[in-house]
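Examining the three-dimensional arrangement
Residue strings, one per chain:
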Amino acid sequence: MLTFSLTLIRHGETQYNRDKLLQGQGVDTPLSETGVLQAEAAGQYLKDMAYSKVFVSNLQRAVQTAEIILRSNTQCPDMELTLEPLLRERGFGVAEGRHKEDLKNMANAAGQSCRDYTPPGGETLEQVKQRFKKFLKVLFKQMLEDHNPSDPDTGPAATSATLLCPSANNGANDGLQGVAIHVLAVSHGAYIRVATRHLVEDLKCSLPAGLKVSQLFCPCPNTGISRFIFTVSRSESGLALTDALCVFTNRKEHLENLTAAQ
């Protein structure tokens, strides 16, 4: 068995985010000035994390965020990014580039809730979930190939009992006691929301005590940070997830000083 952490981050703000316009996959914009500051703040918050792999959506707002985060890293500043299209934002079809209110109006006209509505040419939530499930397979396979669980120099010493005792300090190392292998993934807001729901509802991730469902599935802020701990193994039928823990979701304490200064 192999245990590792996945720290999942949304990209920094773009001008489209500020103007409440849908970007999806077809609108590929860079970070705004605020977005750059947010990414720098996230980089400082996570600067002492030693990542063995960094996966990034191949849209430029995610790539730029990952590059800025690693620039501040004291352990692996030269880590090569693995561009992963499976981490791209949900496709919003004809609604891309339009105001979010237009999407609500389109959903109302179709008699559906905005969250469940799929604009013409867009991805359904189920399609996004399938993309994330494919990413998990890629992730688990890569980790097992890169780290031999039977090797004491690469296999972590963490146990399930250790994982169920997240750190109480709420810092960047929260939940990582005994976990030696760490992965960073930079993605997008709608995608992260679907991913979190799949991990919790379908894969039955253990949850930290006191966490409210409203906190769990609320929209992820720009550079919001979520963390999960996975234990995976090989079986006769392929790769198996044997343990999963949600440590926290949508954390934004690294943005407090930035918000106060604005």
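Residues numbered from 1 in each chain as written. Predicted model: local features only at pLDDT ≥ 70, side-chain atom pairs only at ≥ 80, totals over all residues. Heavy atoms only, no water.

A few words now on the pattern of salt bridges. Under the criterion given, the structure shown has 12 salt bridges. Measuring nitrogen to oxygen at the nearest pair gives 3.6 Å for the salt bridge that ties Asp 48 to Lys 47. Overall, the relative accessible area of 29% leaves Lys 47 in the partly exposed class. For Arg 115, the salt bridge identified is with Asp 116, shortest N-O distance 3.3 Å. Via salt bridges that share partners, Glu 126, Lys 129 and Asp 202 belong to a single interconnected network. (Salt bridge = Lys/Arg side-chain N within 4 Å of Asp/Glu carboxyl O. Buried < 20%, exposed > 50% of the residue type's maximum accessible area, 1.4 Å probe, protein only.)

An α-helical turn contains 3.6 residues, so any two residues separated by three or four positions project in the same direction. Spanning 12 residues, helix α3 (residues 60-71) covers 16 Å between terminal C-alpha atoms, matching the ideal 16 Å at 1.5 Å per step. Those residues of α3 that fall on the buried side of the exposure criterion are Arg 61, Ala 62, Val 63, Thr 65, Ala 66, Ile 68, Ile 69 and Leu 70. Of the surrounding elements, those touching the buried residues of α3 are β1 (2-10), α2 (33-45), β2 (53-56), β3 (81-83) and β4 (182-187). (Helix = DSSP H or I, 4+ residues; strand = E, 2+ residues; numbered from the N terminus. Expected span 1.5 Å × (residues − 1). Contact = heavy atoms within 4.5 Å.)

Attention now moves to the packing of aromatic side chains. Overall, the coordinates contain seven aromatic pairs when judged by the stated rule. Judged by centre distance (6.2 Å) and plane angle (70°), the rings of Phe 4 and Phe 140 are edge-to-face. Residue Phe 4 is found in strand β1, and its partner Phe 140 is found in helix α5 (residues 125-146); the two are separated by 136 residues along the sequence. Across this residue pair, the class does not change: Phe 4 and Phe 140 are buried. Joined through ring pairs, the aromatic side chains of Phe 4, Phe 140, Phe 228 and Phe 230 make up one cluster. Over the ring of Phe 217 we find Arg 197; its NZ or CZ atom is 4.0 Å from the centre of that ring. Across the ring face of Phe 248, the terminal group of Arg 251 is positioned such that the distance to the ring centre comes to 3.7 Å. (Phe/Tyr/Trp six-rings, centres within 6.5 Å; stacked < 30°, edge-to-face > 60°. Lys NZ or Arg CZ within 6 Å of the ring centre and 35° of its normal.)

The quantities given are spatial measurements derived from coordinates; they are silent on function.
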